[in-house]
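Residue-level structural notes
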Amino acid sequence: MVDSRLQRRALLALGASGASLAFAGLGAYGAAAQDQSVDGARSGGVERIIVTSRRVEESLQDVPVAVTAFQGDALESRLVEDIIDIQNITPSLTLYQATNSNNSTAAFIRGIGQADQLYSFDPGVGIYIDDVFVNRLQMGFIEALDIDRVEVLRGPQGVLYGKNTNGGAVRFYSQAPEHELSGQIDLTVGSENRTDVRGMINMPIVPGTFAVRANILARSRDGYITQTTTGQTVDDVELLVGRIAGRLELDNFEALLTFDVQDDNSGAPFPTPITPLVISDPVGLYCASIGMAAPCVDTAQPALAPYQTGAELTPLADNNAWGASARLSWSNGPWTATSITAFRDVDLELAFDLDASPLPLFIDFQDQQSEQFSQEFQLAFDNDGPLDVVLGAFYFDETTDFGATQAVDAFLLNPGFVNQVSQSTSSYAAFAHVSYDLTERLAISGGLRYSYEEKDNSNFLRLQHPFFFLPIGTDVGGFIDPATGFPFSADLITGSDSWSDILPRIALEYQATDDTLLYASYSEGFKSGGFNGRFSSGANQQPFYDQETVRTYEIGVKTTWLDNRVRTNIAVFYNDFEGYQATVEVPDPVLGTLQTITNAADFTSFGFEFEWLAQPTDQFTFGGALAYIDSEFSGFINPATGADLSSNELQSTPDWTLSAYVDYTIPIAHWAELSLGADFAYRGSYFTEIDNNPLLFQDDYTLFNARATLRSPNDVWSATLAGRNLGDEAVLVDGRVISGLISVTSADYADPRTWSLTLSRRF
C-alpha cells in the first residue's frame, strides 16, 4: 500500500502520461464491429457506438465519462449469454452468481458493490433496464431481453438519472419495436443436457405509427454441482421468460410500453465444503453418538472437491417475477419532456443448506415478496447550440415482506428460529445538469442532485427450542429468560431512519483534435444507510449502519487513430470514501458466525483503465482492456471482533485484470462465410470477503473461450459452435465461514467448462 500523497502523485503521473500511452494502444473495447452510427451508415473502419449516458445521444468517443458500451451483435460474438459474462470484457467490473440462487447477481465496479443479496441491503452498482432502476436482482428477467446495447458506467451515478449509486451503473437497453415484419428463432443445445429455445417476432400493427415486439426464452439444463449423498445435481435450471413491447410514434409524441414475466423453478447451487465439518460439543451428545471424544470431526462430511456438496436438502429456488413500464416522451422544438413509470414484483422461495453436509445443521427456508414502484421525470433542452440542460425528479418506493425459518439444531446444540420482516424504502431526488461549450473545442458541464431516502423496518425473530444443555439462567445474547432458562420471542429490530445529501458533479472536456478528447471530472456519490438484516442478537452486533459517501476524481483521454481503424480510451481515477459500508464476519451466540454490514473508517482507492479496439480490415477485429486498482483503509477495526482490517484487500476485486479478443471472418463460398473468434480474460488474485480469510482466497487465473460461426452472407441463418472456460478452471467466487459450536467453511464456484451449439433462423 502507499500513502494518500503517493496515490495522488501516481494519479497525476498516470494522467499526464495518458496521451503518450494512447498511441501504443488500440481502440475502445466496447465499440465492436457491429456498432452503428445514428443514421446506420458505415463510416469506414471501427464503427461508432451511440450512448445516452448524459441523456442525449452521443458517440462513445465524445462522452467525458468512463463508459464501456457494447452493441447486441458484439455481445453475441463475445459469447455473452447473461449479465455475469459482461465482466470478462469490461475493465474494473466484477459480477458473479450470489449464494444459493440461480437468479441473483452480485456486482462490483472499481471495488465498490454489494455481495449480500438479502432484502435489507442495497446494491452499490445500479442495474437499469431501459432506464428503469432495479433494486433487487432476484427480479431476474435479463435473459428475456432482446438486447440492443449495454452501457457500463464507472464511478458515482445519479446526477443525471435514477437512483444514486456509488460504484457505477450497468444499463441494458432492449430492441424497440420497428415498423417492419421480422422474426428470429434460436435453438441451443449444450453441456449438461442444456436446451434453449428462443423466439422473437416484430410486427407493425399500424404502419409507421404502432408496432409490437415480443420475445420468449425457455431454458433447461442439468446442474454442475453433484449431491454426494444422492448422486443428483442440485443447481438444475428450469426457466421460462417472456417480454412484449409496444411502440407508438406520433408527430411530437412517443410511447414505449413493456411487460415481462418470469417463471424460474431452478434448483439452488448449494456450496461446496472446503474444510471438514467440526462439532465443538460441550457435553459430548453428538460426539458420543459417533464414538468420539468432544470436540470431534464428523467423518461423514470431509472437505469436498469443487462442484460437490454434501447437502441432503432438496434444492429450491423458485422465482416468479413480473414487471411493467411506460416511457412517454413529448417534443416541442428544443424541449423534450420524458416520463418513465415502472412497477416490478418478485416472489422468491429458497431452500438451502449453508453447512453443505448431510446433517440437519444450518438449513434455511426463505420466502420473500418485493414490490417496487419508480417514477422519473426529465426535461431536456437542446437547440444544437452551446447550451444543453437536463432537469429531473425521481421517486422510488419498495416494500418487502421476508420470512425465514432456519433449523440450527443438530442434537439440540443450537436452536432454530423463525424470522418475519417487513421493510419499506422511499427515495426522493431532484437533479439538474448543464453543459456549455466555452469555445469550439472547450466545454464545461456540471450538475447537482439532492437525494433523500427513508427506511422503515420491523424484524420479529422467535426462537424455537430451549438450550437443553445449558444451566438454567444462562444468558446467551439476551435470548434466555434468566428465570426459566427458556428462550423468548421479541421484536429485535424495529425502527426507521432517513439520510440525505447534495451531490455535485463537474467536468471539463477539451477536444484537442478531431480524434482526441481530453477530460477531467469530479463527482460525489451517496448510498443510504440501513438495517442489518442478519442481526439476531445484541451481542457483538449493531442493528443499524450509516450512509456511505464518496468523492471521485477522474481524468481521461479518448482517441481515434489511422483513419478510424483504431481506438483507445484511458481513464485514471481516485476515490475517497467516508463511512465505507463493508461486509464483515461477526460472532453470534445463536448462529456461530454471521456476515453483516458495518461502516469502516475512511477508505481510498486509485487506479486506471485502458481499452482498445482495432479493425485493420473489414474481416479482422481485435481488442481488449487492462485495469489496475489499489486501495487502502484508514484504521479499519472490525467492531465485533476487534480485528484490525486496515491492510486488508477489497473483496472480490483483483488488482490487475486483462482481457483480449480476436475475430476473423473468412468468405468460403457464395452461400456462406465462416467467422472465428477467441478471447481470454485474466484476473489477479483476490479474497471473496473483506476479512481476507486465506481459505477464501482465489489465486490469479485465466479463462479462454472460442467460437466458430457459419452464416449466410445476408445473415438469414447461422450455426455457432462455442466453448467456454476451455481450461476448466474452478474459480472461487464466494464463500462463508460458520464457526462456534459448528464449524465449516464452504465455497461457491463459477461455471466449469461448457460447450454449446446454436442454430438461428431469421426472417
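Counting restarts for each chain, with residues numbered from 1 along the sequence as it is written. Only residues with pLDDT of at least 70 are given local features in this predicted model, and only at 80 or more are side-chain atom pairs given and counted; all residues enter the totals for whole chains, interfaces and linings. Only hydrogens and water are removed before side-chain values are computed, so all heavy atoms of the structure are retained for them.

The next subject is the overall build of the protein chain. Under the scheme used here, helices are H or I runs from DSSP no shorter than 4 residues and strands are E runs no shorter than 2 residues, and both carry numbers assigned from the N terminus. Across its full length, the protein chain carries 4 helices and 45 strands. For the protein chain, contacts bridging at least 24 residues in sequence account for 68% of all contacts bridging at least 6. When the accessible surface of the protein chain is summed, it comes to about 28500 Å², and 57% of that surface belongs to carbon and sulfur atoms. Contacts are residue-level and defined by heavy atoms, with any inter-residue pair within 4.5 Å sufficient. Under the convention used here, a 1.4 Å probe and the Shrake-Rupley method define accessible areas, while residue burial counts only the protein chains that appear.

Hydrogen bonding along the main chain pairs the strands of a sheet, whether they run parallel or antiparallel. The pairing criterion is simple: DSSP has to find at least two bridges between the two strands. Overall, mixed pairing links the 5 strands, which are arranged β3-β9-β10-β7-β8 in an open sheet. Both edges of this open sheet fall to β3 (67-71) and β8 (132-134), since each of them pairs with a single strand only. Each strand axis lies, on average, 20° off the axis of its neighbour in the sheet, ignoring direction. When strand β7 (residues 125-129) meets β8, the two strands line up antiparallel, connected through 3 bridges. The angle between two axes is taken between their N-to-C directions and runs from 0 to 180 degrees, where each axis is a line fitted to C-alpha atoms and a helix contributes only its stretch in contact.

Let us now look at the pairing of strand β4 (residues 93-97). Counting buried residues along β4, 4 of its 5 residues qualify, which places the element largely inside the surrounding structure. In terms of strand pairing, β4 meets strand β5 (residues 105-109) through 5 bridges, oriented antiparallel. Across the sheet, tyrosine 96 pairs through a bridge with alanine 106, a residue of β5. Per-residue accessibility, obtained with a 1.4 Å probe over protein chains only, is compared with the maximum for each type, and a residue is labelled buried under 20%, exposed over 50%, and partly exposed between these values.

We define the nonpolar core as a collection of buried residues of types Ala, Val, Leu, Ile, Met, Phe, Trp, Tyr and Cys that are connected through side-chain atoms lying within 4.5 Å of one another. In terms of nonpolar packing, the biggest core is built from 23 residues, with Phe270, Leu277, Ile279, Leu361, Phe362 and Ile742 touching the most fellow members. Looking at this core, the elements that each hand over two or more residues are β22 (335-353) and β44 (742-749). Top contributing element to this core by residue count: β22, with 4 residues. Counting 19 residues, the second-largest nonpolar core is a separate cluster that includes Leu60, Ala69, Tyr161 and Phe431.

Reading across from one edge, β4-β5-β6 is the order of the 3 strands in this open sheet, with antiparallel pairing throughout. Strand pairing shows two members of the sheet lacking a second neighbour, β4 and β6 (112-114), which therefore form its edges. If you compare each strand with its neighbour and ignore which way they point, the axes differ by 10° on average.

We now examine a nonpolar patch on the surface. Together, Ile185, Leu187, Val189, Val197, Leu721, Trp755, Leu757 and Leu759 make up an exposed nonpolar region whose accessible area comes to about 680 Å². For the nonpolar patch, the elements supplying multiple residues, two or more each, are β11 (182-190) and β45 (754-762). Each patch is assembled from residues with relative accessible area greater than 30% and no salt bridge, linking like charges that lie within 9 Å and nonpolar side chains (Val, Leu, Ile, Met, Phe, Trp, Tyr) that lie within 5 Å. What makes a salt bridge here is a side-chain nitrogen of Lys or Arg within 4 Å of a carboxyl oxygen of Asp or Glu, nothing more.

Moving on: the pattern of salt bridges. Summed over all chains, the structure comprises 29 salt bridges. Between glutamate 151 and arginine 149 there is a salt bridge, with its nearest N and O atoms 2.9 Å apart. Among the residues examined, glutamate 151 registers a relative accessible area of 0% and is labelled buried. Here arginine 711 and aspartate 715 are joined by a salt bridge, their closest N and O atoms 3.2 Å apart. A relative accessible area of 29% places aspartate 715 in the partly exposed class.

For the rest of this paragraph, the subject is the confidence of the model for the protein chain. Within a predicted model, pLDDT stands for the predictor's per-residue confidence, ranging from 0 to 100. In the predicted model, the protein chain carries a mean pLDDT of 81, and 82% of its residues have values of at least 70. Counting interchain partners and residues more than four positions distant, the pLDDT-below-50 stretch residues 1-43 has 117 contacts. Counting interchain partners and residues more than four positions distant, the pLDDT-below-50 stretch residues 465-489 has 49 contacts.

Moving on to the environment of alanine 74. With respect to the secondary-structure elements, alanine 74 resides in helix α3 (residues 72-77). When its relative accessible area of 2% is taken as the criterion, alanine 74 is described as buried. Sequence spacing of alanine 74 and arginine 149 is 75 residues, and the spatial spacing of their C-alpha atoms is 8.8 Å.

Turning next to the pairing of strand β37 (residues 656-669). Remember that side chains alternate between the two faces of the sheet whenever the strand is regular. As defined by bridge partners, strand β36 (residues 620-633) adjoins β37 across 9 bridges and the pair is classed as antiparallel. Note that in β37 the partner of threonine 621 across the bridge is aspartate 663. Pairing of β37 with strand β38 (residues 672-683) involves 12 bridges; the strand directions are antiparallel. In the sheet register, proline 667 faces β38, and the bridge partner there is glutamate 673. Counting the residues that bridge the hairpin from β37 to β38 gives 2 residues.

This brings us to the environment of proline 334. If you trace the backbone, proline 334 turns up in the loop between β21 (316-332) and β22. Taking the C-alpha atoms as reference, proline 334 lies 5.0 Å from aspartate 382; in sequence the two are 48 residues apart. Not counting residues up to four positions away in its chain, the partners in contact with proline 334 are Ala380, Phe381, Asp382 and Asn383.

Moving on, we get to the packing of aromatic side chains. Pairing of aromatic rings covers Phe, Tyr and Trp, the last through its six-membered ring, and needs centres within 6.5 Å; plane angles under 30 degrees mean stacked, over 60 mean edge-to-face, and all others mean tilted. As enumerated under the stated definition, the model contains 30 aromatic pairs in all. Relative to phenylalanine 704, the ring of phenylalanine 680 has its centre 6.3 Å away and its plane inclined at 40°; by these criteria the two rings are tilted. Of this pair, phenylalanine 680 sits in strand β38 while phenylalanine 704 sits in strand β41 (residues 701-711), and the two are 24 residues apart along the sequence. Take phenylalanine 680: its relative accessible area is 26%, and that puts it in the partly exposed class. A residue is classified by how much of its surface remains accessible, and phenylalanine 704, at 43% relative accessible area, is partly exposed. Cluster of aromatic residues (ring-pair linked, three or more members): Phe343, Phe373, Tyr395, Tyr428 and Tyr452.

Turning to unusual backbone geometry, a few remarks are in order. Positioned with a positive phi, serine 92 is a non-glycine residue whose angle comes to about 65°. Although it is not a glycine, asparagine 564 sits at a positive phi angle of roughly 70°. Within the secondary structure, asparagine 564 is located in the loop between β31 (548-561) and β32 (566-578). By relative accessible area, asparagine 564 is classed as buried at 17%.

Tracing the backbone shows leucine 328 in strand β21. For the pair formed by leucine 328 and phenylalanine 377, sequence separation is 49 residues and the distance between their alpha carbons is 9.7 Å. Each residue touching leucine 328, except ones within four places of it in the same chain, is listed here: Phe253, Glu254, Ala255, Ala337, Thr338 and Ser339.

Looking at the secondary structure, you find glutamine 368 in strand β23 (residues 363-382). Looking at glutamine 368, its side chain comes within polar contact range of the side chain of serine 370, at 3.1 Å. Those residues in contact with glutamine 368, other than ones at most four positions away along the chain, are Tyr119, Arg136, Val346, Asp347, Leu348, Thr400, Asp401 and Phe402. Here a polar contact is taken to be a pair of N or O atoms separated by no more than 3.5 Å, where protein atoms must pair a possible hydrogen donor with a possible acceptor and residues adjacent in sequence count only if both atoms sit in side chains.

By the element assignment, serine 266 lies in strand β16 (residues 253-266). In this structure the side chain of serine 266 is engaged in a polar contact, spanning 3.2 Å, whose partner is the backbone nitrogen of glutamate 238. Reaching out from serine 266, the side chain makes a polar contact with the side chain of aspartate 264 at a distance of 2.5 Å.

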